Amino acid sequence: MSVSTVAVDPSVCTPLPVLGRDVTVPLVTGGTITYAALDYAASAPALQRVWDDVAAYAPYYGSVHRGAGYLSQFSTDLFEKARRTVAEFLGCRAEDQVVFTRSTTDSLNLLARVVPADCRVFVFETEHHASLLPWRDDRVTYLDAPRSPRQAVETLERALADRDPYGPALVCVTGASNVTGELWPVRELAAAAHAHGARIVLDAAQLAPHHPVSLADLDVDWVALSGHKLYAPFGAGVLAGRADWLRDAEPYLAGGGASRSVARRADGGVEVEWHESAARHEAGSPNVIGAYAVASACQALTEAGWDALVAREQYLIDRVRAGLAEIPQVRVLSLFGEDAPRVGVLSFVVDGWNSSHFAAALSAEYGIGVRDGLFCAHPLLRTLLGTAPETPAECGAPSLNAIRVSFGAGTPDEHVDRFVTAVRQLVTEGAKWTYRTEEGRCVPVA
């Protein structure tokens, strides 16, 4: 992956306004503090701009495509304009379709439903479960975790060259790891896939909020993403790309909106003519507000300028990595090595600490929200962590998990600085509070 190299001074790039930036939370040690949301990889806070756009539209809400009234017509126009905005944001080609879904998971399950019956699927074990689990049958080849971008390409090339019999094939790959944040060689993987007659779908859930994504430039066949990671509210996602497999398959859901016409047959059955457009896989009343929110986020990021957004995020990444590097007990996880380019996502483990305990202390004592666990990428974490330690740690038996910190366009400097300071203090001084295990999680004792 690469982006523009236009020089931008990150010190003059301010965070984009997001919801929750002034929310205060209580500390177990007393008092309150402004919440530091550092779990962007799970769900990024919605941009204030997006929320304002949605609020302005809400009074004009109406069912789309099938209403003659003004509000229905207005909503229909808004919905289809949102589709065009997303297509432009993703660098779609003229013949590509943009299908609105519920999430990246929904998008990839949709694609899994429309691939030809004899299609072979190739997926790295490093994928998020959203792109790992939809392909569970004997057509799937799981590829071992590579230890460099070059090895990723070579592994794929060997697997594709060995496939027999020769027929349709699909490669599923992430753009940026939701565990390590490392950028994958998408353009090179796409070239390898196409050289062997395969197609490729890009899971851009973690990439699109941090870097520009273009189907045309990356030469991928499909891209999937989630609105709730792209600074929009929950409930909307996108599958964009080639139309032929989508057009040739039975609809993902059968119902109103997907059908062009329905008639009774002489034998008493029903004859259905399905739409050939994106509507074929958008049965039912669509999530118009969700689609509009995704489009608003796309427009806001574009207008903010990717050069400035990427420069500021790299500035934050460097601050976090430099701070953690000074703490010997912290080990940052990586597939491709310490110098690998990444987005604002880092996972790590701390010697002598149960990850749930550490994350709980960050929240309860410092007002910092991170994530602990296996991050819906269990095979990858097991590869990175090996086996769980045998000596029990405080707050429950140690488990095979890690801590993840993630940030983006709405993150102020103070949040990442507070995080690094908190990690250092917890490692050197220990927790100030007592914690216990409750329903599998570490929580402060009341």
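What counts, and where the lines are drawn
- Residues numbered from 1 in each chain as written.
- Predicted model: local features only at pLDDT ≥ 70, side-chain atom pairs only at ≥ 80, totals over all residues.
- Heavy atoms only, no water.
- Pairing = 2+ DSSP bridges.
- Helix = DSSP H or I, 4+ residues; strand = E, 2+ residues; numbered from the N terminus.
- Core = buried A, V, L, I, M, F, W, Y, C linked by side-chain atoms within 4.5 Å.
- Buried < 20%, exposed > 50% of the residue type's maximum accessible area, 1.4 Å probe, protein only.
- Contact = heavy atoms within 4.5 Å.
- Expected span 1.5 Å × (residues − 1).
- Axes fitted to C-alpha atoms, helices over the stretch in contact; angles between N-to-C directions.
- Patch = residues over 30% accessible without salt bridge, like charges linked within 9 Å, V, L, I, M, F, W, Y side chains within 5 Å.
- Areas by Shrake-Rupley, 256 points an atom, 1.4 Å probe, with all protein chains shown as cover.
- Salt bridge = Lys/Arg side-chain N within 4 Å of Asp/Glu carboxyl O.
- Disulfide = S-S within 2.5 Å.

Asks: Honestly, the pairing of strand β11 (residues 259-264) in this entry has me stumped. Any pointers?
Replies: Successive side chains on a regular strand alternate, one facing one side of the sheet and the next facing the other. Inspection of the sheet shows β11 paired to strand β12 (residues 270-274) by 5 bridges, in the antiparallel sense. What sits directly across from Ala263, in β12, is Glu271. The antiparallel hairpin formed by β11 and β12 contains 5 residues in its connecting segment, where Gly268 sits at a positive phi of about 95 degrees.

Asks: What should I look at first to understand the nonpolar core in this one?
Replies: Soluble globular proteins tend to bury their nonpolar side chains together. Counting 88 residues, the largest nonpolar core has Val86, Leu90, Leu156, Leu202, Val213, Leu230 and Val238 as its most contacted members. Per element, the largest residue contribution to this core is 10 residues, and it comes from helix α9 (residues 288-304). Every residue in contact with Val86, bar those within four places of it in the chain, is listed here: Val98, Phe100, Val238, Val294, Ala295 and Cys298. Within the second largest apolar cluster, 33 residues are counted, among which are Ile327, Ala361, Leu362 and Leu426.

Asks: When you look at the environment of Ala152 in this model, what are you seeing that I'm missing?
Replies: Mapped onto the elements of the fold, Ala152 is located in helix α5 (residues 149-161). In this structure the C-alpha to C-alpha distance between Ala152 and Val186, which are 34 residues apart in sequence, comes to 9.9 Å. For Ala152, the residues in contact, after removing those within four places along its chain, are Phe124, Pro146, Trp184, Pro185 and Leu189.

Asks: Looking at this structure, I do not really get helix α10 (residues 306-325). What am I missing?
Replies: Each full turn of the α-helix corresponds to 3.6 residues, which orients residues three or four apart in the same direction. The end-to-end C-alpha distance of α10, which contains 20 residues, comes to 28 Å, matching closely the 28 Å that a straight helix rising 1.5 Å per residue would cover. If you follow the buried residues of α10, they end up packed against α2 (70-89), α9, β13 (330-332), β14 (345-350) and α13 (413-429).

Asks: What am I meant to see in the sheet that holds β13 here?
Replies: Read from one edge to the other, the open sheet built from 4 strands follows the order β13-β14-β17-β16, with strand pairing classed as antiparallel. Each edge of the sheet is formed by a strand with only one pairing partner; in this case those strands are β13 and β16 (371-373). The average undirected angle you get between the axes of adjacent strands in this sheet is 30 degrees. As paired strands, β13 and β14 are joined by 3 bridges and run antiparallel to one another. The residue of β14 that forms the bridge with Val332 is Phe348.

Asks: Explanation requested: a nonpolar patch on the surface in the structure shown.
Replies: The grouping of Tyr60, Tyr70, Leu71 and Phe74 at the surface amounts to a nonpolar patch, some 400 Å² of accessible area in total. Topologically, Tyr70 is positioned in helix α2.

Asks: How should the state of the cysteines be read in this particular structure?
Replies: Working definition of a disulfide: a covalent bond connecting the sulfur atoms of two cysteines. Taken as a whole and assessed by the stated rule, the structure comprises 0 disulfides. You can see Cys92 has no disulfide; the closest cysteine sulfur is in Cys298, sitting 10 Å from it. Unpaired in terms of disulfides, Cys172 finds its nearest cysteine sulfur in Cys119, a separation of 11 Å. Judged by relative accessible area, which is 0%, Cys172 ranks as buried.

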